[in-house]
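Here is what each chain is made of, one letter per residue.
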Amino acid sequence: MGKYQLATSFILLLNFGTLLTSLACDCSPPPPASKTPNCPPPPSSPSPKTPPPPPPFVKSPPPPPPVVKSAPPPPPPVTKSPPPPPPVVKSPPPPIVKPPPPNGPSPKSPPPPSVRYPPPPKQQTCPIDALKLGACVDVLGGLIHIGLGDSAKEKCCPLLQGLADLDAAVMFNNKSWNGDLIVRDIKARTESICSTLSSVGYRRNARIQKWIRWDPPPWPFLCLNTDGARKGNGEASAGGLLRDCHGNFIHGFSANLGVCSVIKAELWGVLHGLRMAWDLGYRRIQVGTDNCSVVQLIKENNANVTEFSNIIEMIKDLIRRDWRIQIDHIYCEANSAADFLSTHALSLPLGVHFFHSVPSGLRSILYSDMYGVAHPRFVPL
């Protein structure tokens, strides 16, 4: 650091000396030559000789910074590959050693002893008199609603004997029987009788549980569901709606009919529904109603004059037009939408009221029918 300051001060002094020298030298331009008489030049005085300026100091460049060599990266670790597994040497299967054939004949196993089963017991005759059998059938009739024939009596008499004796004991107030014991015994014997009667095929009013839902019509048919309702005071109404094969609502109606019978209200519902479908221009209709009597009255060719003759004739005139009509009976579980509209008509004025959009309260029923929601029902076999 001291060397640099000394060099700097030396350069400044040198420049200052050069400046003084330039000021001492007369460097102004010579005056113009004027014609003066030739006179001898004055004697020139010798000028003092100035020493030559020292050479300029050239600043040496600073030394370059030392180059620091970075350490070379460490070599990657050498991973040794695992040695190959030893070859699997399959051991040869063990030799099959066949036993030597027997020298003598093989002994025969003794035959199983024959078991003699006792002969089946003879079929018992019916020892029940008419009084006991009548009492027994009365008990069974209130429990399982069955009917007995001759062949059923022949098969069930041994089973009915004990139940008839039990029934006679109850009728004569035999105090040796306990009430709970009587109920359990009746249930056990009833189940046995039912299984026996089922095997011989004697069943009356037998029913089975079935799941009922609204079935959409096949394309290109439309479904017309109709229904009738009647209050206790005699006021009746009808309702119905048209739906496509996807269950979408097309058109509906509710009719307040005043005082009339249920059959007449159902017939008015079919008539108004067919008129609505014809006026809208639909020509393939599948009609469904939950009243069997209405379907029979429309389909049969009965010439007897009844109180419904005029309505039935108007329905048949509509059916005979140039279109395709199919009338079927459906269960009330599949006719909930029409039942809602017929009940809704009782809150409306007299007359027929048509709906171009879904009435409030009906949308949830339509969604249930569209998604196939089923309801249980016991139907006859």
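That block above? That's the structure.
A short tour of the structure in this document, coming up.

Conventions and cut-offs
Residues numbered from 1 in each chain as written. Predicted model: local features only at pLDDT ≥ 70, side-chain atom pairs only at ≥ 80, totals over all residues. Heavy atoms only, no water. Helix = DSSP H or I, 4+ residues; strand = E, 2+ residues; numbered from the N terminus. Buried < 20%, exposed > 50% of the residue type's maximum accessible area, 1.4 Å probe, protein only. Contact = heavy atoms within 4.5 Å. Areas by Shrake-Rupley, 256 points an atom, 1.4 Å probe, with all protein chains shown as cover. 1 Å grid on protein atoms, 1.4 Å probe; cavity = no way out; pocket = protein on both sides within 12 Å on 5 of 7 lines; lining within 4 Å. Points joined across faces, edges and corners; volume = space filled by probe spheres on them. Nonpolar A, V, L, I, M, F, W, Y, C, P; charged D, E, K, R; others polar. Phe/Tyr/Trp six-rings, centres within 6.5 Å; stacked < 30°, edge-to-face > 60°. Lys NZ or Arg CZ within 6 Å of the ring centre and 35° of its normal. Arc of directions from axis to C-beta. Core = buried A, V, L, I, M, F, W, Y, C linked by side-chain atoms within 4.5 Å. Polar contact = N/O pair within 3.5 Å; in protein donor to acceptor, adjacent residues only side chain to side chain. Salt bridge = Lys/Arg side-chain N within 4 Å of Asp/Glu carboxyl O.

## Regarding the overall build of the protein
Here's step 1: Each helix and strand counted, the protein has 9 helices and 8 strands in total.
Here's step 2: Scored against the burial criterion, the 381 residues of the protein give a buried share of 27%.
Here's step 3: The contacts in the protein between residues at least 6 apart in sequence include a share of 76% that link residues at least 24 apart.
Here's step 4: If you sum the accessible surface of the protein, you get close to 28200 Å²; carbon and sulfur atoms cover 62% of it.

## Observations concerning the layout of surface pockets
Here's step 1: What the largest pocket holds in volume is close to 310 Å³.
Here's step 2: Forming the boundary of the largest pocket are 16 residues, of which Arg213, Asp215, His329, Ile330 and Ala334 lie nearest the centre.
Here's step 3: Of all the secondary structure elements, the ones that give two or more residues to the lining of the largest pocket are strand E1 (207-212), strand E2 (222-230), strand E5 (284-289) and strand E6 (324-329).
Here's step 4: Split into classes, the residues belonging to the lining of the largest pocket amount to 8 nonpolar, 4 polar and 4 charged.

## Some remarks on the packing of aromatic side chains
Here's step 1: One pass over the full model with this rule turns up 1 aromatic pair.
Here's step 2: Taken together, a centroid distance of 5.1 Å and an interplanar angle of 80° make the contact between Trp278 and Trp323 edge-to-face. Of the two residues, Trp278 sits in helix H5 (residues 262-280) while Trp323 sits in the loop between helix H7 (309-319) and E6, which places them 45 residues apart along the sequence.
Here's step 3: Here Trp323 falls in the buried class, since its relative accessible area comes to 9%.
Here's step 4: One Lys or Arg, Arg243, reaches over the ring of Trp214 and ends 4.1 Å from the middle of that ring.
Here's step 5: Note that Arg283 overlies the ring of Trp278, its terminal NZ or CZ placed 3.7 Å from the centroid.

## Description of helix H9 (residues 363-370)
Here's step 1: Buried within H9 are the following residues: Ile365, Leu366 and Asp369. Projected down its long axis, H9 carries its buried residues within an arc of 100°, all on one side.
Here's step 2: Residues of H9 that are buried in the fold lie against strand E3 (235-243), strand E4 (249-259) and helix H8 (336-344).

## Some remarks on the environment of His329
Here's step 1: Checked against the element boundaries, His329 lands in strand E6.
Here's step 2: Residues His329 and Asn291 lie 38 residues apart in sequence; the distance between their C-alpha atoms is 6.7 Å.
Here's step 3: Ignoring anything within four residues of it in the chain, the contact list for His329 reads Thr289, Asp290, Asn291, Cys292 and Val295.

## Section: the nonpolar core
Here's step 1: Ranked by size, the top nonpolar core spans 22 residues in total, and within it Leu224, Leu242, Leu267, Leu274, Ile285, Ile298 and Ile315 carry the most contacts.
Here's step 2: Elements supplying a minimum of two residues to this core: E2, H5, E5, helix H6 (292-299) and H7.
Here's step 3: At 6 residues, the largest contribution of residues to this core is made by H5.
Here's step 4: Those residues in contact with Leu267 that sit more than four places away from it in its chain are Val294, Ile298, Phe308, Ile311, Ile312 and Ile315.
Here's step 5: Grouped together as the second largest cluster of nonpolar side chains are 10 residues, Phe249, Ala337, Ala338 and Leu366 included.

## What to know about the environment of Pro380
Here's step 1: Here Pro380 shows up in strand E8 (residues 375-380).
Here's step 2: On a C-alpha basis, the gap between Pro380 and Arg207 in space is 4.2 Å, while along the polypeptide they are 173 residues apart.
Here's step 3: Here Pro380 is in contact with Ala206 and Arg207, once residues within four sequence places are set aside.

## Re H6
Here's step 1: Among the residues of H6, those classed as buried are Val294, Val295 and Ile298. Down the axis of H6, the sector holding all buried residues measures 100°, keeping them to one side.
Here's step 2: In this fold, the buried residues of H6 make contact with H5, E5, H7 and E6.
Here's step 3: Sitting at the amino-terminal end of H6 is Asn291, which places a side-chain oxygen 3.0 Å from the backbone nitrogen of Ser293.

## Side note on the pattern of salt bridges
Here's step 1: Under the defined criterion, the tally for this structure stands at 5 salt bridges.
Here's step 2: Asp215 is the salt-bridge partner of Arg213, the closest N and O atoms lying 3.9 Å from each other.
Here's step 3: The shortest N-O distance in the salt bridge between Arg320 and Asp317 comes to 2.3 Å.
Here's step 4: Of the residues examined, Arg320 reaches a relative accessible area of 55% and is grouped as exposed.
Here's step 5: Note on Asp317: relative accessible area 38%, which makes it partly exposed.
Here's step 6: Each of Glu313, Asp317 and Arg320 takes part in one network of salt bridges that share partners.

## Focus on the side chain of Gln286
Here's step 1: Tracing the sequence through the fold places Gln286 in strand E5.
Here's step 2: Exposure remark for Gln286: the relative accessible area of 17% places this residue in the buried category.
Here's step 3: Those residues within four positions of Gln286 in sequence are excluded, and the remaining contacts are Pro217, Pro218, Phe221, Leu222, Cys223, Leu224, Gln326 and Asp328.

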